[in-house]
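Observations on the three-dimensional arrangement
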Amino acid sequence: MNQDGQFDIRVVPGTPPGVACGLAPGGRPSQQDDLICLHDAREATTLLVLADGMGGDGAGELASGGVVHAARELWDERVWRDQPGALFLETLCQAAHAEIRRRNAWVAAEPHSTIVALLLREGQAFWVHVGDSRLYHFRGRRCLSVTRDHSLARLKLDRGEIREADLAHDPDQHVLLRGLGGSEPPEVEHGYAATRPGDGFVLCSDGVWETLSRSELAGLLRARDLATALYDGLVLGARRGGEAGDNLGLILARPERSPSWLARLAGRLSIT
């Protein structure tokens with residue numbers, strides 16, 4: 001919230017079709033979440049990446065910025081065209097980890113980051129995550145799957161020590177068991193689904209999923225105007241987080257039906 005009492009919401013312009021993404025600082029003085037949304041209309045391929053940086057003295061911003069930088073570089077190099085979806089996302093995570101390690105010398109504190117990324121192409125969805133940034137896969141109102149946090153609180157939940165309803169407020173929620181930028185290469189968790197009509201995806205940092213319920217996230221995806229829904233969701237999350245609230249990063253995606261390979265070939269021939 002700024003000095004005028006208004007929420008400082010940044011909705012990222014120029015997003016791919018069927019996608020809205022944005023950031024809000026919440027109650028924090030700096031923004032350590034970052035994201036990037038990339039689309040190739042000719043290949044009907046979309047890459048969505050969100051990162052939540054960690055570390056004092058600017059290390060958090062540096063780390064999440066390193067994830068976005070690595071994603072942009074691999075996209076511009078068109079590595080995604082030459083690799084299967086899961087392999088490309090694994091390459092992305094390892095490249096982002098290496099970029100954060102390279103940035104270690106720039107700050108006194110050690111930078112770390114989470115990552116959650118989604119690749120959409122040819123009616124298929126590939127995703128990865130490291131840390132506690134999440135991906136939700138919805139079909140209409142129903143949540144088909146949600147990524148599993150790599151946190152101590154999640155481990156306590158698996159052991160039956162806490163309830164799922166208490167997960168967001170557990171004191172160990174922010175103690176991560178996996179992340180980018182550490183001394184060892186990250187262990188990346190993968191997911192996959194064939195997309196169908198009515199499918200939607202939410203990628204978000206913990207500042208969002210700790211303040212908005214699954215049903216509220218599903219409602220944002222069903223809105224007619226995704227950009228407006230995104231703005232409203234960030235405002236609601238920031239309001240609930242209060243003055244001590246975390247940064248918020250949010251991506252909403254409704255995959256569009258991809259043209260067939262024959263239609264894409266015809267499009268190329270018409271251009272050349």
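Residues numbered from 1 in each chain as written. Predicted model: local features only at pLDDT ≥ 70, side-chain atom pairs only at ≥ 80, totals over all residues. Heavy atoms only, no water.

Per the secondary structure count, the protein includes eight helices and 12 strands. What you see for the protein is a C-alpha radius of gyration of 18 Å, in line with the 19 Å of a compact globule of 272 residues. Counting across all 272 residues of the protein, residues that qualify as buried make up 50%. For the protein, contacts bridging at least 24 residues in sequence account for 69% of all contacts bridging at least 6. Of the roughly 12,700 Å² of accessible surface on the protein, 50% is carried by carbon and sulfur atoms. (Helix = DSSP H or I, 4+ residues; strand = E, 2+ residues; numbered from the N terminus. Rg over C-alpha atoms; globule rule 2.2 N^0.38 Å. Buried < 20%, exposed > 50% of the residue type's maximum accessible area, 1.4 Å probe, protein only. Contact = heavy atoms within 4.5 Å. Areas by Shrake-Rupley, 256 points an atom, 1.4 Å probe, with all protein chains shown as cover.)

Where helix α1 (residues 59-76) meets helix α3 (residues 85-102), the axes come as close as 8 Å, and the angle between the chain directions of the two elements is 135°. When the interaxial angle is binned, α1 and α3 end up oblique. Remark: the crossing between α1 and α3 carries right-handed chirality. In this structure, α1 contributes A63, G66, V67, H69, A70, A71 and L74 to the contact, and α3 contributes F88, T91, L92, A95, A96, E99 and I100. Its residues assigned to classes, the contact of α1 with α3 shows 10 nonpolar, three polar and one charged. (Axes fitted to C-alpha atoms, helices over the stretch in contact; angles between N-to-C directions. Parallel < 35°, antiparallel > 145°, perpendicular 65-115°, else oblique. Left-handed = near helix turned anticlockwise from the far one by under 90°. Nonpolar A, V, L, I, M, F, W, Y, C, P; charged D, E, K, R; others polar.)

A separate point is the nonpolar core. Core analysis: the biggest nonpolar cluster contains 28 residues, and L47, V49, V67, F88, L89, L92 and I115 have the highest contact counts within it. Going through the elements one at a time, β3 (33-40), β4 (45-54), α1, α2 (79-82), α3, β6 (115-121) and β7 (124-130) are the ones with two or more residues in this core. Here this core takes seven residues from α1, the largest share from any one element. Beyond its immediate sequence surroundings of up to four residues, L89 is in contact with L47, A117, L119, F126, W127 and V128. Counting residues in each nonpolar core, the second largest holds 24 residues, with A168, C204, L221 and L248 among its members. (Core = buried A, V, L, I, M, F, W, Y, C linked by side-chain atoms within 4.5 Å.)

Of all six residues in strand β8 (residues 134-139), five are buried; the element is thus mostly enclosed. The pairing of β8 with strand β11 (residues 199-204) spans six bridges and is antiparallel. From the neighbouring strand, F138 faces β11, where its bridge partner is G200. Pairing of β8 with strand β9 (residues 142-146), which is carried by four bridges, proceeds in the antiparallel orientation. When the bridges of β9 are listed, Y136 appears paired with V146. The loop that links β8 with its antiparallel partner β9 comprises two residues; one of these, G140, has a positive phi angle of about 65°. (Pairing = 2+ DSSP bridges.)

Attention now goes to helix α7 (residues 226-241). Here α7 is 16 residues long and its end C-alpha atoms lie 22 Å apart, about the 22 Å a rise of 1.5 Å per residue gives. Looking at α7, one finds that the buried residues are L226, A229, L230, G233, L234, V235, G237 and A238. Elements in contact with the buried residues of α7: β1 (10-11), β2 (19-24), α6 (214-222) and β12 (248-253). Of the residues flanking the start of α7, the one acting as N-cap is D225, its side-chain oxygen 3.0 Å from the backbone nitrogen of A227. Positioned one or two residues after α7, G242 has a phi angle of 75°, which is positive. (Expected span 1.5 Å × (residues − 1). Polar contact = N/O pair within 3.5 Å; in protein donor to acceptor, adjacent residues only side chain to side chain.)

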